[in-house]
Amino acid sequence: VEDGKVTFLADAEGIAQANMFLRTTERILLKTGEFKAVTFDELFEKTKAIPWEEYIPKDGKFWVAKANSVKSALFSPSDIQSIMKKAIVERLKSVYHRNWFEETGATYKIEIAILNDIALLTLDTSGAGLHKRGYRELSVKAPIKETLACAMIDLSRWKPDRALLDPFCGSGTIPIEAAMIGKNIAPGLNRSFDFERWECCDAGITERVREEARAAVRSDADAGLRIYASDLDYFAIRQAMENARLAGVDGCIHFQKLDYTKTASKYQQGFIITNPPYGERLEDEAKACALYQGMGEHFKTFEDWSCFVISSNKSFEKYFGRKADKRRKLYNGRLECC
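Residues numbered from 1 in each chain as written. Predicted model: local features only at pLDDT ≥ 70, side-chain atom pairs only at ≥ 80, totals over all residues. Heavy atoms only, no water.

In this section: the sheet that holds strand β8 (residues 271–274). If you walk across this open sheet you meet the 5 strands as β7-β6-β5-β8-β9, and the pairing is parallel. Pairing within the sheet leaves two strands with one partner each, and these edge strands are β7 (253–257) and β9 (306–309). Pairs of neighbouring strands in the sheet enclose a mean axial angle of 15 degrees, with direction left out of account. Summarising the sheet, strand β5 (residues 164–166) and β8 pair through 2 bridges and their orientation is parallel. Its bridge partner lying in β8, Leu 165 is registered against Ile 272. Contacting β8 and β9, helix α4 (residues 146–156) crosses the sheet at an angle of about 155 degrees to β8. Across the sheet, helix α5 (residues 173–183) lies against β5, β6 (227–231), β7 and β8, angled at about 165 degrees from β6, the strand it touches most. (Pairing = 2+ DSSP bridges. Helix = DSSP H or I, 4+ residues; strand = E, 2+ residues; numbered from the N terminus. Axes fitted to C-alpha atoms, helices over the stretch in contact; angles between N-to-C directions. Contact = heavy atoms within 4.5 Å.)

The next thing to look at is the sheet that holds strand β4 (residues 118–124). Reading across from one edge, β1-β4-β3-β2 is the order of the 4 strands in this open sheet, with mixed pairing throughout. Where the open sheet ends on each side, the last strands, each with one partner, are β1 (29–36) and β2 (61–70). With direction set aside, neighbouring strand axes in the sheet form an average angle of 20 degrees. The sheet contact formed by β1 and β4 spans 7 bridges and is antiparallel. The residue of β4 that forms the bridge with Leu 30 is Leu 123. Strand contacts of helix α3 (residues 77–96): β2, β3 (107–115) and β4, with the helix running at about 140 degrees to β2, the strand carrying the most contacts.

Bringing a nonpolar patch on the surface into the picture now. A cluster of nonpolar side chains, contributed by Val 1, Val 6 and Phe 8, occupies part of the molecular surface with about 360 Å² of accessible area. In this fold, Val 6 is placed in the segment before α1 (12–21). Val 6 gets classed as exposed once you look at its relative accessible area, which sits at 57%. (Patch = residues over 30% accessible without salt bridge, like charges linked within 9 Å, V, L, I, M, F, W, Y side chains within 5 Å. Areas by Shrake-Rupley, 256 points an atom, 1.4 Å probe, with all protein chains shown as cover. Salt bridge = Lys/Arg side-chain N within 4 Å of Asp/Glu carboxyl O. Buried < 20%, exposed > 50% of the residue type's maximum accessible area, 1.4 Å probe, protein only.)

Turning to its location among the elements, Leu 225 is positioned in the loop between α6 (205–216) and β6. Residues Leu 225 and Glu 199 lie 26 residues apart in sequence; the distance between their C-alpha atoms is 42 Å. Among residues more than four places away in sequence, those in contact with Leu 225 are Pro 160, Ala 179, Gly 182, Lys 183 and Cys 252.

The subject of this paragraph is the packing of aromatic side chains. Per the stated rule, a full pass over the model turns up 13 aromatic pairs. When the ring of Tyr 228 is compared with that of Tyr 267, the centres are 6.3 Å apart and the planes differ by 45 degrees; the resulting orientation is tilted. You can see Tyr 228 sitting in strand β6 and its partner Tyr 267 sitting in the loop between β7 and β8, a full 39 residues away along the chain. For Tyr 267, a relative accessible area of 22% gives the class partly exposed. Lying across the ring of Phe 62, Lys 85 places its NZ or CZ 3.9 Å from the centre. Against the face of Tyr 267 rests Arg 226, its NZ or CZ located 4.4 Å from the ring centre. (Phe/Tyr/Trp six-rings, centres within 6.5 Å; stacked < 30°, edge-to-face > 60°. Lys NZ or Arg CZ within 6 Å of the ring centre and 35° of its normal.)

The next thing to look at is the pairing of β8. Here β8 shows a buried face lined by Phe 271 and Ile 273 and a second buried face lined by Ile 272 and Thr 274. Inspection of the sheet shows β8 paired to β9 by 4 bridges, in the parallel sense. Note on β9: the bridge partner recorded for Ile 273 is Phe 308.

What is shown is where atoms sit, not what they do.
This is how it looks when you write it as C-alpha cells:
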C-alpha cells in the first residue's frame, strides 16, 4: 500500500476479477516496467528495452495516454509521452519487421508516473474509469463519484441488515451503491474493459468471471434491504429512480421527494450517509452553513443512528453542533473533503 495505489500480484483471471469486483478502485493498471531515468536518452532506451510485443500485437492501437512527474529531472509531460511513443514504435518495428502500424485492433493505453526519477510504466486494463458502472446515464449537478460513494459506505461499516438513509440523494449514487452491495451485484457487471479484447489474454476469461458475478447476485435480497433516499428536487428523484432501475436495484430503495427536515424513521437504529451541498462559491457558503446547522438540529431526532457526512467545509462540526467521533480525509475530485 502506497499513496494513491495498491500493488498486488495476479494472473490474467485476477486482473479480470479486480476490474469486475473492486468497488472503490478507479483503474487496474498492469505494470510493464520500472527504472530510473534522469535524461530523455535514458527514458528512450529503457522504454525500448521493455518487451512490448508480449502485450501489443501488430494491429494494436497504442498511445501514451498519461504522464505524471513529481520531484524528477524529467518534467515535461508532452515530451515524455512523445519520446516513449517513439521508443515503443522502434521496439515493435524491430520485432514485427514492419515500418508502419495500422493500429486498428484493441486499445492499449500506456501510462507513466515518475517519482524521484523512478519511472513506473503501466498498461491500463480498465479503459473507462471503474467509477463508470453503466447505470448513471442521468445525473444531477455535481454528482458524487460511484467509487467515492462506495468508499463512504465502506468507511461507515454499514451492513445490509441495517437501515440506511440519504436525505440529499441527488441522482441516487449512495443508495444505489449500498443496494448493489446488499444484492452482491459486482460493480463491473454491466460494462466492458479494454483488457478483455487483448490478444495476450485468454479471450473467454472475462466472460467466465462475468458469469461468476451473475451467479453471485442475491435475488432474494430486495425485501430485506431498508434503504431510503430523498431529495427536495423532483427531477433529481426521477433521475435517481431511473438510475436505480438501470442498476437493477429499483426494488431495493424507497425514493421520496422530501425536504430533509421532514425525514423520519420507525427504526431505532440505522445509518445516515449523505453528501449535502458544499457551498463552494462564496454566495452559497452562508446557505451551506445554515444547512449544516439545520442538519445538526434535525438529525438529533435520529437518536441512536450513526451519521456520516462528506463536506469540504472545515467548520462543518461547528455548524452541525457536534464533534465527530472520527474524521477521514477524502478527495471529491480535486476537492479536499472530510
